[in-house]
Amino acid sequence: MRNIWTVFRKEVYRVFSDRRLILTIFIVPGLSIYLIYTIMGSLLGDMNDEIEDHQPIIYEANMPDAIENRVITQMDAEIHDASGMDRDTLEQGIMDGEYDLVLFFEQDFMESINNYDTMEVPGLEVLYNQGEQKSSQAYNQLNAVLSAYHRDVVQSRLDDPDDYQVYQLSTDNIMDESNVVAQGIAMIMPMLIIIFLFTGAMSIGPDAIAGEKERGTIATLLVRPVKRSSIAIGKVASLSLLSLLSALSAFVGIILSLPKLMQLDDSMPDVSIYSFQDYTALLLVLLSTVIFVVGIVSVISAFAKTIKEASMLIMPVYFLAMIVGVMNSFGADVNQDAWVHLIPIYGQINILAGILTFDYSMLNLLLSVVSSLVYTFALVVVLNTMFNSEKIMFNR
């Protein structure tokens, strides 16, 4: 036990005695994520505000006064006469974003509506650009105006306008605000947590093992009268602590940037919705997951000859974890099948999403944590075997 503590302390001291490592591992991740996500949120907010405040620009031909008055009143639109303009010019103006809509009403549009029993149904052609957000929003607003006008015209044709009312709809949104907040957090947090854990482990793991092989200092450690298993456990334990601290730095950065990113009116998301049991479950999953991730990084680093090679070999595993995280973020409800929680990485992401949305069982939590510990034990055994192999450890 003393030897494990010695190796653990050596690795921790190596990091905390280097100001550059402290800066790059513990400060830069959280600070950079906070700045990036805050800027992204601000830009998205400004873009949404610009779209909402935009006054639609509409070019029309033969628009009836009854509809024009509704468009001006309900859409606050700026209307221009398109009579005499050729179609190609109008289409190009839509494509260039110079204006948002072009409306072509048939001649005698209102006369056809008023004399519907003797005349054909009049036509209306609308040109808009779905690729332009302002044009697309103006089109949606126009649809609402035309739907209301259509309803009023149909009612006016009935002997008794009340006959148009088929039923009365009453809606009541029964919403649990805590679930809404939880769904928003659970959509991105499990993926980000896994990414942060991998990033933290990748920033220090290759240097702790492959770096010592590359510099030749691993030989000094291995020739000491210390069990190789103690070295393996000490390495994994120390790297797990450092990786967790690095992930927590990034986690704090994303939490602080959430108000801007999720457009929460500069108010912090209410994390008090989670109970002590939920936080305990999160901590157990984080601790078991970080040592598993560190175990993967340590085995790959021990196999590699250099830091560069270790980083290259780890990248496919990192990308695979990212893909699994993205799939879970855009997936359906949390999978409650017990066997799912035995799958490395996916099981941890799934249980994290379940905890954050209050949709998990103690059995699935236990399976996820225990399976991570079992996989980590297997990785430590592999790492110990590699440390006992001079061909692997002294192959530079």
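Just so it is clear, the model here is predicted, and its values are computed rather than measured.

### Observations concerning the overall build of the chain
Argument step 1. When helices and strands are counted, the chain shows 14 helices and 4 strands.
Argument step 2. Against the globule reference of 21 Å for 396 residues, the chain gives a C-alpha radius of gyration of 31 Å, more extended than a compact globule.
Argument step 3. If you line up the chain on its principal axes, its C-alpha atoms span 105 × 45 × 35 Å.
Argument step 4. Carbon and sulfur atoms form 59% of the exposed surface of the chain, whose accessible area is close to 21,900 Å².
Argument step 5. Charge centroids of the chain, computed over 22 positive and 46 negative side chains, lie 36 Å from each other.

### Some words on the side chain of Ser 238
Argument step 1. Relative to the helices and strands, Ser 238 is located in helix H9 (residues 228-261).
Argument step 2. Look at Ser 238 and you get buried, because its relative accessible area is 0%.
Argument step 3. One polar contact links the side chain of Ser 238 to the main-chain carbonyl oxygen of Gly 234, over a distance of 2.9 Å.
Argument step 4. Leaving out residues up to four positions away in the same chain, Ser 238 has contacts with Phe 8, Glu 11 and Val 12.

### Digging into the packing of aromatic side chains
Each aromatic ring pair is specified by the distance between its two centres and by the angle formed by the two planes.
Argument step 1. Counted according to the given criterion, the structure contains 7 aromatic pairs.
Argument step 2. A centroid spacing of 3.9 Å and a plane angle of 0° characterise the contact between Tyr 128 and Tyr 139, whose relative ring orientation is stacked. With a gap of 11 residues between them, Tyr 128 in the loop between strand S4 (124-127) and helix H6 (133-157) and Tyr 139 in helix H6 connect regions that are remote in the sequence.
Argument step 3. One residue, Arg 157, lies across the ring of Tyr 116, its end atom 4.0 Å from the ring centre.

### Comments concerning the sheet that holds strand S1 (residues 57-61)
Argument step 1. Ordered by their spatial adjacency, 4 strands build an open sheet running S2-S1-S3-S4, and the pairing between neighbours is mixed. Edge strands, defined here as strands with exactly one partner in the open sheet, are strand S2 (78-81) and S4. Here the average twist between neighbouring strands, direction ignored, is 20°.
Argument step 2. In the sheet, S1 pairs with S2 via 4 bridges, with the strands oriented parallel. Each residue of the ladder has a partner; that of Tyr 59, found in S2, is His 80.
Argument step 3. The sheet contacts of helix H3 (residues 65-75) involve S1, S2 and strand S3 (101-105), and relative to S2 the element is tilted by about 145°.
Argument step 4. Packed on one face of the sheet, H6 meets S3 and S4 and runs near 35° to S3.

### Section: the nonpolar core
Argument step 1. Phe 198, Ile 345, Ile 355, Leu 365 and Leu 383 are the most contacted members of the largest nonpolar core, which has 67 residues in total.
Argument step 2. No other element matches helix H7 (residues 177-215), which puts 17 residues into this core.
Argument step 3. Setting aside residues up to four positions removed in sequence, Leu 383 forms contacts with Ile 209, Ala 232, Val 236, Ser 298, Val 299 and Ala 302.

### Here we look at the environment of Leu 356
Argument step 1. By secondary structure assignment, the location of Leu 356 is in helix H12 (residues 346-356).
Argument step 2. In contact with Leu 356, other than residues within four places in its own chain, are Ala 182, Ile 185, Ala 186, Met 189, Pro 190, Tyr 274 and Leu 282.

### Thoughts on the pairing of S1
Argument step 1. In terms of residue burial, S1 counts as a mostly covered element, since 5 of its 5 residues are buried.
Argument step 2. Residues Ile 57, Tyr 59 and Ala 61 line one face of S1 and the alternating positions Ile 58 and Glu 60 line the opposite face, and both faces are buried.
Argument step 3. Remark: the S1/H3/S2 crossover connection has right-handed handedness.
Argument step 4. The pairing of S1 with S3 spans 4 bridges and is classified as parallel.

### Considerations on helix H4 (residues 87-96)
Argument step 1. The set of residues buried in H4 consists of Leu 90, Gly 93 and Ile 94. For H4, the arc enclosing every buried residue in end-on projection is 100°, short of the 170-degree limit, so these residues lie on one face. The exposed residues of H4 that point more than 90 degrees off its buried face are Asp 88 and Met 95.
Argument step 2. Lining the buried residues of H4 we find S1, S3 and S4.
Argument step 3. Of the residues flanking the start of H4, the one acting as N-cap is Asp 86, its side-chain oxygen 3.3 Å from the backbone nitrogen of Asp 88.

### Quick look at a nonpolar patch on the surface
Argument step 1. On the surface, Leu 23, Ile 27, Val 28, Leu 31, Tyr 34, Leu 35, Ile 39, Leu 43, Val 252 and Leu 256 cluster together into a nonpolar patch covering about 890 Å² of accessible area.
Argument step 2. Of all the elements in the fold, those that place two or more residues in the nonpolar patch are helix H2 (19-53) and H9.
Argument step 3. Here the element with the most residues in the nonpolar patch is H2; it accounts for 8 residues.
Argument step 4. In this fold, Val 252 is placed in helix H9.

### Details of the confidence of the model for the chain
Argument step 1. Taken over all residues, the pLDDT of the chain has a mean of 82, while the share at 70 or more is 91%.
Argument step 2. When pLDDT is averaged over each helix and strand of the chain, the minimum, 70, is found for helix H8 (residues 218-222) and the maximum, 93, for S3.

### What to know about a negative patch on the surface
Argument step 1. Together, Asp 46, Asp 49, Glu 52 and Asp 53 give the surface a local cluster of negative charge.
Argument step 2. With respect to the helices and strands, Asp 49 occurs in helix H2.
Argument step 3. Look at Asp 49 and you get partly exposed, because its relative accessible area is 41%.

### A short note on the packing of helix H11 (residues 307-329) against H12
Argument step 1. One way to put it is that H11 packs onto H12 with a least axis distance of 10 Å and a crossing angle of 35°. Between H11 and H12 the crossing geometry is right-handed. Each of Ala 321, Val 324, Gly 325 and Asn 328 in H11 lies in contact with H12, whose residues at this interface are Tyr 346, Ile 349, Asn 350 and Ala 353.
Argument step 2. Residue classes in the contact of H11 with H12 are distributed as 5 nonpolar, 3 polar and no charged.

Each value, and the rule that gives it
Residues numbered from 1 in each chain as written. Predicted model: local features only at pLDDT ≥ 70, side-chain atom pairs only at ≥ 80, totals over all residues. Heavy atoms only, no water. Helix = DSSP H or I, 4+ residues; strand = E, 2+ residues; numbered from the N terminus. Rg over C-alpha atoms; globule rule 2.2 N^0.38 Å. Areas by Shrake-Rupley, 256 points an atom, 1.4 Å probe, with all protein chains shown as cover. Lys, Arg positive; Asp, Glu negative; His and termini not counted. Charge placed at Lys NZ, Arg CZ, Asp CG, Glu CD. Buried < 20%, exposed > 50% of the residue type's maximum accessible area, 1.4 Å probe, protein only. Polar contact = N/O pair within 3.5 Å; in protein donor to acceptor, adjacent residues only side chain to side chain. Contact = heavy atoms within 4.5 Å. Phe/Tyr/Trp six-rings, centres within 6.5 Å; stacked < 30°, edge-to-face > 60°. Lys NZ or Arg CZ within 6 Å of the ring centre and 35° of its normal. Pairing = 2+ DSSP bridges. Axes fitted to C-alpha atoms, helices over the stretch in contact; angles between N-to-C directions. Core = buried A, V, L, I, M, F, W, Y, C linked by side-chain atoms within 4.5 Å. Right-handed = clockwise from strand over helix to strand, strands pointing away. Arc of directions from axis to C-beta. Patch = residues over 30% accessible without salt bridge, like charges linked within 9 Å, V, L, I, M, F, W, Y side chains within 5 Å. Salt bridge = Lys/Arg side-chain N within 4 Å of Asp/Glu carboxyl O. pLDDT = per-residue confidence, 0-100. Left-handed = near helix turned anticlockwise from the far one by under 90°. Nonpolar A, V, L, I, M, F, W, Y, C, P; charged D, E, K, R; others polar.

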